Amino acid sequence: MKLYIKYMVSLRCKMMVKEELRKLGIHYVVLDLGMVELLVDITDEQRAEFKINLLKSGLELLEDHRSILIERIKNVITEMVHYSDELPDTNYSDYISEKIGQDYTYLSNIFSEVKGITIQQFIILHKIERVKELLLYDELNLTEISYKLHYSSVAHLSNQFKKITGLSPSFYKKLKQKRSQHLENL
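Counting restarts for each chain: residues are numbered from 1 in the order of the written sequence. Side-chain atom pairs in this predicted model are given and counted only at pLDDT of 80 or more, local residue features only at pLDDT of at least 70, and totals for whole chains, interfaces and linings cover all residues. Neither water nor hydrogens contribute to the side-chain values; these are computed over all heavy atoms in the structure.

A few points about helix α6 (residues 119-137)
At step 1: With 19 residues, α6 extends 27 Å between its outermost C-alpha atoms, agreeing within 8% with the 27 Å of an ideal straight helix rising 1.5 Å per residue.
At step 2: Numbering of helices and strands runs from the N terminus, with a helix taken as a DSSP run of H or I at least four residues long and a strand as a DSSP run of E at least two residues long. Two residues or fewer after α6 comes Asp138, characterised by a positive phi angle close to 60°. To estimate the expected span of a helix, count its residues, drop one, and scale the result by 1.5 Å.

Re empty space enclosed by the protein
At step 1: Definitions used for this entry: grid spacing 1 Å over protein atoms alone; cavity, a set of points where a 1.4 Å probe fits but cannot get out; pocket, an open set with protein on both sides within 12 Å along at least 5 of 7 lines; lining residue, one with an atom within 4 Å of a point. Grid points are joined across faces, edges and corners, and a volume is the space filled by probe spheres set on the points. Under the counting rule described, the total for this entry stands at one cavity of 30 Å³ or more.
At step 2: Empty space within the largest cavity amounts to approximately 30 Å³.
At step 3: Polar here means any residue other than Ala, Val, Leu, Ile, Met, Phe, Trp, Tyr, Cys and Pro, which are nonpolar, and Asp, Glu, Lys and Arg, which are charged; Gly is therefore polar. For the lining of the largest cavity, the class distribution of residues is four nonpolar, one polar and four charged.

Focus: unusual backbone geometry
At step 1: Within the chain, Tyr7 stands out as a residue other than glycine whose phi angle is a positive 75°.
At step 2: Any residue under 20% of the maximum accessible area for its type is buried, any over 50% is exposed, and the rest in between are partly exposed; the area is computed with a 1.4 Å probe on protein chains only. Given the relative accessible area of 43%, Tyr7 is considered partly exposed.
At step 3: In the Ramachandran plot, Asp138 falls in the positive-phi region, its phi being about 60° despite a non-glycine side chain.
At step 4: Note on placement: Asp138 falls in the loop between α6 and α7 (142-148).

So yeah, pure geometry; function would need other evidence.
In structure tokens:
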């Protein structure tokens, strides 16, 4: 039995879900971002208690097909952009379709209808968030970040970054450095 959980997007969330499962005596086979696969089906009472406990932690047990599908798409993208060392070499559409096991056009239509943006726009937003993280870590230069996130050029990355944030990557990085210096001087 698989359960899908909304807002489960970090290692901390996974730990909270593990703890709730342990409290209820529910054994699982796989625990991944947004999903837990159980050894056996759970009772309605266990499901209700698990749902309540998740809500207390800011997570939500998903029950309808469309919500589950949207959350699965979001989790594949989040994992792809934020938690893998390299983005896939295939088209994102092929990658997402393969991971979820559904036709991309179908996934894309449902996603756009429910979220109000395309999957591609959602990927771009996540890639820009990842660029911000990498800029703040200061371990990679812009050329390396561009290569790591499969941008065709530094100029393409910079243009997309500015379009989304209103700032150039270098100005964004300088703002962070000024903020850090200001905090150190307090």
